Amino acid sequence: MEKTNWNTPKPGEWKSEELSQGHIIDYKAFNFVDGEGVRNSLYVSGCQFHCKGCYNVATWSFKAGIPYTKELEEQIIADLSQPYVQGLTLLGGEPFLNTGILIPLLKRVRSELPEKDIWSWTGYTWEELMFETEDKLEMLSFIDILVDGRFDIQKKDLTLQFRGSYNQRIIDVKKSLVSNKVIIWDKLNDGHGKTFEQVSRNI
């Protein structure tokens, strides 16, 4: 049997409370690359997927980087409050294995800055998240746009919008939760990801 290019967990196998050290790799305010519009991006530490060809191997260790602090959280909220900033982006590392620090932040954003949107990248697929732990599902409920799935070096495509391989999808979380099926972001414009079935068949 051919080995996959990443690790795959059983449902609920990887728990944030057991793995996360509450560390981040970086925080980048006012950038244009991590989603739509001007964004503030938080890169958390720690990932178990270990995708072959990952561009950010330095984030795999949960002990990498520096501790997430209340002072940084206040800075993130202050930066997000700027009128020209569209929203917050969560990357890593694996955001869904750092729910302990991210859920309180997302609750604040929803409460204090409800007009801002929240994007997140994850190695989990949408289908896997539906069978994951309560904290991961709670975090998902605060997110507007999710870029899901492992990076697959065999499906790498540098022309893709906001993702590295064409198995990954840009998902409208709110619409998908209501519909109980994956709804692709309606601003997708790279020719891939029209439907999950097409992606699955490598069309």
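Per an unreviewed UniProt entry, the recorded name for the protein chain is Anaerobic ribonucleoside-triphosphate reductase-activating protein, and the organism is Streptococcus sciuri. A UniProt comment under Cofactor (unreviewed entry) is attached to the protein chain, and it reads "[4Fe-4S] cluster". On record in UniProt, under Sequence similarities (unreviewed entry), the comment for the protein chain is "Belongs to the organic radical-activating enzymes family."

Engineer: Account for the sheet that holds strand β4 (residues 87-91), with residues named and values stated.
Structural biologist: Spatial ordering of the open sheet is given by β3-β1-β2-β4-β5-β6-β7, a layout of 7 strands whose pairing is mixed. Each having just a single partner strand, β3 (66-67) and β7 (169-172) make up the two edges of the open sheet. With 3 bridges joining them, strand β5 (residues 117-121) and strand β6 (residues 145-148) adopt parallel strand pairing. Opposite tryptophan 119, over in β6, you have isoleucine 145 as the bridge partner. Taken strand by strand, helix α2 (residues 70-80) contacts β1 (23-31), β2 (39-44) and β4, and its axis lies near 20° from that of β1. Its contacts with the sheet put helix α3 (residues 99-112) on β1, β2, β4 and β5, and the angle it makes with β4 is roughly 170°.

Engineer: Can you explain the state of the cysteines? Please cite residues and give values.
Structural biologist: Applying the stated criterion to the full structure yields 0 disulfides. In this structure cysteine 51 is not part of a disulfide, and its nearest cysteine sulfur, from cysteine 47, lies 6.3 Å away. Not engaged in a disulfide, the cysteine cysteine 54 finds its nearest cysteine sulfur in cysteine 51; these two sulfurs lie 6.4 Å apart. In this structure cysteine 54 comes out as partly exposed when scored by relative accessible area, which is 24%.

Engineer: Describe the layout of surface pockets, with residues and values.
Structural biologist: In this approach a probe as big as a water molecule rolls over the atoms, and the regions it shows empty are the leftover space. Approximately 720 Å³ is the volume found for the largest pocket. Around the largest pocket, the lining is made up of 32 residues, and of these Tyr55, Trp121, Phe151, Gly164 and Gln168 lie nearest the centre. The class makeup of the residues in the lining of the largest pocket is 15 nonpolar, 11 polar and 6 charged.

Engineer: Go over unusual backbone geometry with me, naming the residues and quoting the values.
Structural biologist: Apart from glycine, the bulk of residues carry a negative phi angle, and the bulk of peptide bonds sit in the trans form. The residue after glycine 92, namely glycine 93, is reached through a cis peptide bond having omega 10°. Structurally, the position occupied by glycine 93 is in the loop between β4 and α3.

Engineer: I'd like a description of the environment of glutamate 115, backed by residues and values.
Structural biologist: For glutamate 115, the location among the structural elements is in the loop between α3 and β5. On the basis of relative accessibility, which here comes to 55%, the residue glutamate 115 falls in the exposed class. As for glutamate 115 and aspartate 34, which are separated by 81 residues in sequence, their C-alpha atoms are 18 Å apart.

Engineer: Before we move on, could you go through the packing of α3 against helix α5 (residues 134-141) and cite the residues and values that matter?
Structural biologist: Put simply, α3 and α5 touch, their axes get as near as 10 Å, and they point 30° apart. Classed by the angle they form, the pair α3 and α5 counts as roughly parallel. Every pair of crossing elements has a handedness; the one defined by α3 and α5 is left-handed. Contacts between α3 and α5 involve Thr99, Leu102, Ile103, Leu106 and Lys107 from the first element and Asp135, Lys136, Glu138 and Met139 from the second.

Engineer: Could you give an account of the environment of leucine 72, with specific residues and numbers?
Structural biologist: Inspection of the secondary structure puts leucine 72 in helix α2. Look at leucine 72 and you get buried, because its relative accessible area is 16%. Placed 45 residues apart in sequence, leucine 72 and tyrosine 27 show a C-alpha to C-alpha distance of 8.7 Å. Contact partners of leucine 72, with chain neighbours within four places excluded, come to Ile24, Tyr27 and Leu42.

Criteria and thresholds
Residue numbers here run from 1 along each chain, matching the order of that chain's written sequence. Per-residue local features of the predicted model are confined to residues with pLDDT of at least 70, and side-chain atom pairs are confined, for both listing and counting, to 80 or more; whole-chain, interface and lining totals are unaffected and use all residues. The basis for every side-chain value is the complete set of non-hydrogen atoms in the structure, without hydrogens or water. UniProt positions are given in the numbering used here, feature names are shortened, and annotations may be inferred rather than shown by experiment. Whether two strands pair depends on DSSP finding at least two bridges between them. Only DSSP runs of H or I with at least four residues qualify as helices, and only runs of E with at least two residues qualify as strands; both kinds are numbered from the N terminus onward. Contact definition: two residues touch when any of their heavy atoms are within 4.5 Å. Between N-to-C directions, angles span 0 to 180 degrees; the directions come from axes that are lines fitted to C-alpha atoms, helices contributing only their stretch in contact. Defined by distance alone, a disulfide is two cysteine sulfur atoms within 2.5 Å. Note on classification: 1.4 Å probe, protein chains only; a residue is buried when its accessible area is under 20% of the maximum for its type, exposed when over 50%, partly exposed between these limits. Throughout, the protein atoms alone are placed on a 1 Å grid, and a set of points is a cavity if a 1.4 Å probe fits but cannot get out or a pocket if it is open with protein on both sides within 12 Å along at least five of seven lines; lining residues have an atom within 4 Å of a point. Grid points are joined across faces, edges and corners, and a volume is the space filled by probe spheres set on the points. Here the term charged refers only to Asp, Glu, Lys and Arg, the term nonpolar to Ala, Val, Leu, Ile, Met, Phe, Trp, Tyr, Cys and Pro, and the term polar to all other amino acids, Gly among them. Comment on the angle field: the value is read as roughly parallel under 35 degrees, roughly antiparallel over 145, roughly perpendicular from 65 to 115, and oblique elsewhere. The sense of a crossing depends on the near helix, which, turned anticlockwise from the far helix by less than a right angle, makes the crossing left-handed and, turned clockwise, makes it right-handed.

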